[in-house]
Amino acid sequence: SCYPDELEYAEDLDLVYTGCNDQFARSAMLSSPAGIIGKRDGDLHWKEQSGLHERIDREVISSGKKMGFYEEEMTKAPGEKIYYRKLKAPLTDNDGKVIGILGVQEDVTEARRLREQRIRMQKLESVGILAGGLAHDFNNMLMGISGSLAVLKLREEDEKKLHWITQAEKSCNAAAEVTSRLITFAR
């Protein structure tokens, strides 16, 4: 193997495993690479996905062309998903006749998790920018309302009207506090 994290394997034309490296054997929950010989995908713990594997394998064999790099979700244990980036290529003899498949796959679960986390962070950042912009706009409108109430309060002498102006000022201040929290959240 060129890369220690790559899982390599070979299958014949009947899609029976003829060999693999240590990493692939471990992923198949086998004690050694020799345990893979003579097995099919349907014999291994990923048997639910064997139909997809066999379809792609048959396409590689019939076309004589490699298939990859594609990502595939697999079940490692109940409720535990792992993701592999895969490449499957026809295995040929000295005359160029296809005699099987050579497969290479790499566990990209962590890279995928980090990519999804980065996307979530970007979405959250976008929401923060939007919330901050809206809060600033709303705060500007509240300042206009607050200023108008202050002018009314200075000119008004009627106690009942002054009471309602004071109530409106309190509501305006409470709304300004909410926008202040929104701006803090946006940061």
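Only a predicted model underlies this, so the values are computations on that prediction, with no experimental measurement involved.

Things to note about empty space enclosed by the protein
Next, step 1: Enumeration over the complete set of coordinates arrives at 1 cavity of 30 Å³ or more.
Next, step 2: Considering only enclosed or pocket space, the largest cavity measures out at about 70 Å³ in volume.
Next, step 3: Lining the largest cavity are Tyr9, Glu11, Tyr17, Phe24, Asp41, Trp46, His53, Asp57, Met74, Lys86, Lys88 and Gln105.
Next, step 4: Counting residues per element, the ones that place at least two in the lining of the largest cavity are β1 (6-12), α2 (50-63) and β4 (80-92).

A word on the packing of helix α3 (residues 109-155) against helix α4 (residues 159-186)
Next, step 1: Where α3 contacts α4, the axes come no closer than 9 Å and their chain directions differ by 160°. Here α3 lies roughly antiparallel to α4, going by the angle between them. Of the two elements, α3 crosses α4, and the hand of that crossing is left-handed.
Next, step 2: Taken together, the residues that form the contact of α3 with α4 break down as 18 nonpolar, 7 polar and 2 charged.

With respect to unusual backbone geometry
Next, step 1: Residue Phe69 is reached from Gly68 by a cis peptide bond, and omega for that bond is -10°.
Next, step 2: Among the structural elements, Phe69 can be located in strand β3 (residues 67-77).
Next, step 3: Phi angles above zero are rare outside glycine, and Met29 is one such case at about 60°.
Next, step 4: Tracing the chain through its elements places Met29 in the loop between α1 (22-27) and α2.

Some thoughts on the pattern of salt bridges
Any two side chains of opposite charge can pair, given that their charged atoms come close.
Next, step 1: Summed over the entire model, instances satisfying the criterion amount to 11 salt bridges.
Next, step 2: A salt bridge links Lys88 to Asp57, with the nearest nitrogen and oxygen atoms 2.6 Å apart. In this pair, Lys88 sits in strand β4 while Asp57 sits in helix α2, placing the two residues 31 residues apart along the sequence.
Next, step 3: You can call Lys88 buried: its relative accessible area is 1%.

Observations concerning a nonpolar patch on the surface
Next, step 1: Side chains of Met121, Leu124, Val127, Leu182 and Phe185 sit close together on the surface and give an oily, nonpolar patch of about 470 Å² of accessible area.
Next, step 2: Among the elements of the structure, α3 and α4 are those that each provide at least two residues to the nonpolar patch.
Next, step 3: It is α3 that contributes the most residues to the nonpolar patch, 3 residues altogether.
Next, step 4: You can see Leu182 is positioned in helix α4.

Details of the nonpolar core
Next, step 1: Core analysis: the largest hydrophobic core is formed by 14 residues, its most contacted members being Tyr17, Phe24, Ile36, Leu44 and Trp46.
Next, step 2: Listing elements by their share of this core, those giving two or more residues are β1, β2 (17-20), α1 and β4.
Next, step 3: Setting aside residues no more than four positions away along its own chain, Leu44 makes contact with Tyr17, Ala28, Leu30, Ile36 and Lys39.
Next, step 4: By size, the runner-up hydrophobic cluster in this structure holds 7 residues, among which are Ile56, Ile61, Tyr70 and Val98.

Examining α2
Next, step 1: Helix length check: α2 (14 residues) gives 20 Å between terminal C-alpha atoms against 20 Å at 1.5 Å per residue, within 8%.
Next, step 2: Buried residues of α2: Ser50, His53, Ile56, Asp57, Val60 and Ile61, and no others. An end-on view of α2 places all buried positions within 140° of arc, on one side of the element.
Next, step 3: In the segment just after α2, Gly64 is the residue with positive phi, at about 70°.

About the cut-offs
Residues numbered from 1 in each chain as written. Predicted model: local features only at pLDDT ≥ 70, side-chain atom pairs only at ≥ 80, totals over all residues. Heavy atoms only, no water. 1 Å grid on protein atoms, 1.4 Å probe; cavity = no way out; pocket = protein on both sides within 12 Å on 5 of 7 lines; lining within 4 Å. Points joined across faces, edges and corners; volume = space filled by probe spheres on them. Helix = DSSP H or I, 4+ residues; strand = E, 2+ residues; numbered from the N terminus. Axes fitted to C-alpha atoms, helices over the stretch in contact; angles between N-to-C directions. Parallel < 35°, antiparallel > 145°, perpendicular 65-115°, else oblique. Left-handed = near helix turned anticlockwise from the far one by under 90°. Nonpolar A, V, L, I, M, F, W, Y, C, P; charged D, E, K, R; others polar. Salt bridge = Lys/Arg side-chain N within 4 Å of Asp/Glu carboxyl O. Buried < 20%, exposed > 50% of the residue type's maximum accessible area, 1.4 Å probe, protein only. Patch = residues over 30% accessible without salt bridge, like charges linked within 9 Å, V, L, I, M, F, W, Y side chains within 5 Å. Areas by Shrake-Rupley, 256 points an atom, 1.4 Å probe, with all protein chains shown as cover. Core = buried A, V, L, I, M, F, W, Y, C linked by side-chain atoms within 4.5 Å. Contact = heavy atoms within 4.5 Å. Expected span 1.5 Å × (residues − 1). Arc of directions from axis to C-beta.

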